[in-house]
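Structural overview
Below, each chain spelled out in residue letters.
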Amino acid sequence: MVSWRQAFRHLAAMLFTLAFALLPAVARASGATFPGQWQQVASGTHACETCWVEIRRNGPVLKVTGKDGWFAVVHLGRAGGGYSAEGIGRWSEGGDSHYRGQPFDIRIAIVDKHLYMDMTVRMDDGSTRTVRAIFDKRRSEKSRRLRLARM
């Protein structure tokens, strides 16, 4: 018998795969751009209302930094008019993550104004772990305005 968690993980994996497969068709209508801060709204592992990623652009290269201690450099793809990017990164040596110091491959894509992230972490024993998450820029911008209003 399949538990609801296994079913959810399977559904989440299918949605991520579908999002990347349909990227060229959907991305053109998206209207969102990579640079800025993105708030996590869903994850394949656990929900994290305080998790975010910051993306800065330098020509065709993007630097992606995660709140929980990782960074990546990705190159914009040609498919979908620049709404996808692939690259490599590494988890910080410090911190609490069990991925501490591990390298990873990363793919990000904008689909329907959401940022989809698919990270494959290479572990010391040769195995891989997949981290998937969806981010929303609008929620992050709203949170930033609220913090400024409280000051």
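Residues numbered from 1 in each chain as written. Predicted model: local features only at pLDDT ≥ 70, side-chain atom pairs only at ≥ 80, totals over all residues. Heavy atoms only, no water.

**Concerning the overall build of the chain**
Cut-off, in case you're wondering: The secondary structure listing takes helices from DSSP runs of H or I that are at least 4 residues long and strands from runs of E that are at least 2 residues long, numbered from the N terminus. Under the scheme applied here, a residue whose accessible area is under 20% of the maximum for its type counts as buried, over 50% as exposed, and between as partly exposed, the area being computed with a 1.4 Å probe on protein chains only. Should any heavy atoms of two residues lie within 4.5 Å, those residues are counted as being in contact.
The helix and strand inventory of the chain stands at three helices and eight strands. Traced from its N-terminal end to its C-terminal end, the chain shows the element sequence α-α-β-β-β-β-β-β-β-β-α. Split into buried and exposed, the 151 residues of the chain put 38% on the buried side. Of all intrachain contacts in the chain linking residues separated by at least 6 positions in sequence, the fraction that spans at least 24 positions is 40%.

**Quick look at the sheet that holds strand 4 (residues 70-76)**
Convention followed: DSSP bridges decide pairing: two strands pair if at least two such bridges lie between them. To get an axis, fit a line to the C-alpha atoms, keeping to the stretch in contact for a helix; angles then go from 0 to 180 degrees between the N-to-C directions.
Taken in spatial order, the eight strands line up as 1-2-3-4-5-6-7-8 and close into a barrel, and their pairing is antiparallel. Neighbour-to-neighbour, the strand axes of the sheet open up by a mean angle of 30 degrees, direction not taken into account. As paired strands, strand 7 (residues 114-122) and strand 8 (residues 128-136) are joined by nine bridges and run antiparallel to one another. Looking across to strand 8, one finds that Leu 115 is bridged to Phe 135.

**Brief notes about unusual backbone geometry**
With a phi close to 50 degrees, Asp 112 is a non-glycine residue in the positive phi region. Tracing the backbone shows Asp 112 in the loop between strand 6 (103-111) and strand 7. A positive phi angle, near 65 degrees, is found at Lys 113, a position not held by glycine. Along the polypeptide, Lys 113 turns up in the loop between strand 6 and strand 7.

**Some details on the nonpolar core**
Selection rule: As used here, the term nonpolar core means buried Ala, Val, Leu, Ile, Met, Phe, Trp, Tyr and Cys residues forming a set that is joined through side-chain atoms within 4.5 Å.
Grouped together as the largest cluster of nonpolar side chains are 25 residues, with contacts concentrated most on Trp 70, Ile 106, Ile 108, Leu 115, Met 117 and Met 119. Counting residues per element, the ones that place at least two in this core are strand 2 (52-58), strand 3 (61-66), strand 4, strand 5 (84-91), strand 6, strand 7 and strand 8. Apart from the residues within four sequence positions on either side, Ile 106 is in contact with Trp 70, Ala 72, Val 74, Ala 85, Glu 86, Gly 87, Ile 88, Met 117, Asp 118 and Met 119.

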